[in-house]
Amino acid sequence: MHMRHFILLCILIVFCRTSQAAPGEWISIHSYHFTIVTNASEMQGRKLAAELEGLRASMELLFPKLSADPAESVVVFAAKDEASYKLLARSEGDEKSDAQQSGILENGEDRYRLLLCLDAASEVNQARIKHLYTHILLRNQNAWLPISLNEGFAQLGEDASLDGSNLKIAKANQRALKLLNGQQLLPFSTLFNAEKNSDFADERELKNIYFAESWVFVDFLLSRDRKKLNDFIARLVNLEDPVSAAAAVFGDLEKLRLDLTAYVKAGHFDSILIPVTTVTLDASSYSLKPLTSSEFDVLRAEYLAQVGRIGDAKILLSSVLSSNPNNHQAYAAEASIALNAGDHAE
């Protein structure tokens, strides 16, 4: 039986590799849709919350019927170093191999978690988290959204930053440009139906071209003609065939492919600004709460239970309750773990 008191999406990222952290150093920063639990600096936590809010709001603008994420606040664990990360590792004694894994793992119908590589620099980790979170935002659009567009938006999301009340995408994907220069771009009939093409399963170079072209196509439309992009998305929402929808909106698809080729060769990529009006991106307005050791341990126990360390989570909560038998958050966490015990094996 699948029951939950709340939905928890946990994201682990690492800002830098410095000194060992103690639980008492953790704080929580609350924005509209995110709770950042971090022992890095307050500034880093606020900036991360604002950038994720901007990314979420921009996707809602581009996809008006977007069913973004759970009603409960998304919880983001932002560990400042490897020692802190190990407090939340998936398995004891194997933190290093765990840290080198990244991706979205689904447990049940509505639960996701992301694990990021410790050895990557802060900028790389934050790019990865934005990429994966964009996929999460778009996960309910898979019935009509071609994989290439999903991937293209996720790649653009990697570089999302803030510019006043706008989400700003300023960097060109140089690796993709290098790959595409001199290459004949894939026809749109292939780009929009790659999942039906068995060649993509075996051809690494073909897949690389596909991912690169997915990025440049979305970048091209956002930069050159956002209205046509919106019209294209509206047709896809109505379950039109992607190739037919593209022809209806853009006209001659071979000419569009030549225009896209010229766009790649020119190499002039201006910053893309997407206005954000639905939420404030003023990071200073988000509330901050220093976490006691017990409060952090309850949050940590909830996460450990989610990644399968049920026994460790129960031990941690027992320790919290032995120190404070009236800790209602710990009791609520125990009840949630018990209700969802059927989802995990100890």
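Caption draft 1: Quick peek at empty space enclosed by the protein. Applying the stated criterion across every chain, the model contains three cavities of 30 Å³ or more. Empty space within the second largest cavity amounts to approximately 40 Å³. Around the second largest cavity, the lining residues are Leu 55, Ser 58, Met 59, Leu 62, Phe 153, Leu 156, Gly 157, Leu 167, Ile 169, Leu 222 and Ile 274. At the level of secondary structure, the elements contributing two or more residues to the lining of the second largest cavity comprise helix H1 (42–62), helix H5 (147–157) and strand E8 (166–169). Element by element, the count of residues in the lining of the second largest cavity is highest for H1, at four residues. Residues belonging to the lining of the second largest cavity are distributed by class as follows: nine nonpolar, two polar and no charged.

Caption draft 2: Highlighting helix H10 (residues 226–237). The end-to-end C-alpha separation of H10 is 16 Å, in line with the 16 Å expected for twelve residues at 1.5 Å each. Turning to H10, its buried residues are Leu 229, Phe 232, Ile 233 and Leu 236. All buried residues of H10 fall inside an arc of 100° around its axis, so they share one side. On its buried side, H10 packs onto H1, H5, helix H9 (204–224) and helix H11 (242–250). Looking one or two places after H10, you find Leu 239, whose phi comes out positive at around 65°.

Caption draft 3: Broad picture of the sheet that holds strand E9 (residues 272–275). The strand order across the open sheet formed by three strands is E7-E8-E9, and the pairing between neighbours is antiparallel. Strand pairing shows two members of the sheet lacking a second neighbour, strand E7 (160–163) and E9, which therefore form its edges. Across the sheet, the axes of successive neighbouring strands diverge by a mean angle of 35°, strand direction being ignored. Two elements, E8 and E9, share four bridges in a ladder whose sense is antiparallel. By the bridge assignment, Asn 166 is partnered in E9 with Pro 275.

Caption draft 4: Summary view of unusual backbone geometry. Phi angles above zero are rare outside glycine, and Leu 239 is one such case at about 65°. Its place among the elements puts Leu 239 in the loop between H10 and H11.

Caption draft 5: Geometry of the nonpolar core. Grouped together as the largest cluster of nonpolar side chains are 69 residues, with contacts concentrated most on Phe 63, Phe 153, Phe 217 and Phe 232. Among the elements that make up this core, the one with the highest residue count is H9 (ten residues). The residues contacting Phe 217, other than those within four sequence positions of it, are Leu 149, Phe 188, Leu 191, Phe 192, Phe 232, Phe 250, Leu 256 and Leu 260. In this structure, Val 298, Ala 313, Leu 316 and Ala 333 belong to the second largest nonpolar core, which totals 13 residues.

Caption draft 6: Main features of the packing of helix H14 (residues 310–323) against helix H15 (residues 328–339). Direction vectors running N to C along H14 and H15 enclose 155°, while the axes themselves pass 10 Å from each other. In terms of orientation, H14 and H15 fall into the roughly antiparallel class. Seen from above, H14 lies across H15 with left-handed handedness. Contact with H14, carried on its side by Ile 310, Ala 313, Lys 314, Leu 317, Ser 318, Val 320 and Leu 321, involves Ala 330, Tyr 331, Ala 333, Glu 334 and Ile 337 of H15 and no other residues of that element. Considered class by class, the residues forming the contact of H14 with H15 number nine nonpolar, one polar and two charged.

Caption draft 7: Molecular detail of H5. Of all the eleven residues making up H5, ten are buried; the element is thus mostly covered by neighbouring parts of the structure. What H5 keeps buried is the set Ser 148, Leu 149, Asn 150, Glu 151, Gly 152, Phe 153, Ala 154, Gln 155, Leu 156 and Gly 157.

Caption draft 8: View of the pairing of strand E2 (residues 27–30). As paired elements, E2 and strand E3 (residues 34–38) share four bridges and run antiparallel to each other. Following the sheet pairing, Ser 28 is matched in E3 by Val 37. Here E2 folds back onto E3 in antiparallel fashion, the turn holding three residues. When E2 meets strand E10 (residues 287–290), the two strands line up antiparallel, connected through four bridges. Bridge assignment links Ile 29 to a residue of E10, and that residue is Leu 288.

Caption draft 9: Local environment of the layout of surface pockets. Estimates place the volume of the largest pocket at around 970 Å³. Ala 127, Gln 155, Glu 158, Asn 173 and Arg 175 are the residues nearest the centre of the largest pocket, which is lined by 30 residues in total. Going through the elements one at a time, H1, helix H4 (122–137), H5, E7, helix H6 (174–180) and H9 are the ones with two or more residues in the lining of the largest pocket. Sort the elements by how many residues they give to the lining of the largest pocket and H4 lands first, with seven residues.

Scoring rules and cut-offs
Residues numbered from 1 in each chain as written. Predicted model: local features only at pLDDT ≥ 70, side-chain atom pairs only at ≥ 80, totals over all residues. Heavy atoms only, no water. 1 Å grid on protein atoms, 1.4 Å probe; cavity = no way out; pocket = protein on both sides within 12 Å on 5 of 7 lines; lining within 4 Å. Points joined across faces, edges and corners; volume = space filled by probe spheres on them. Helix = DSSP H or I, 4+ residues; strand = E, 2+ residues; numbered from the N terminus. Nonpolar A, V, L, I, M, F, W, Y, C, P; charged D, E, K, R; others polar. Expected span 1.5 Å × (residues − 1). Buried < 20%, exposed > 50% of the residue type's maximum accessible area, 1.4 Å probe, protein only. Arc of directions from axis to C-beta. Contact = heavy atoms within 4.5 Å. Pairing = 2+ DSSP bridges. Axes fitted to C-alpha atoms, helices over the stretch in contact; angles between N-to-C directions. Core = buried A, V, L, I, M, F, W, Y, C linked by side-chain atoms within 4.5 Å. Parallel < 35°, antiparallel > 145°, perpendicular 65-115°, else oblique. Left-handed = near helix turned anticlockwise from the far one by under 90°.

The analysis is restricted to geometry; functional conclusions fall outside its scope.
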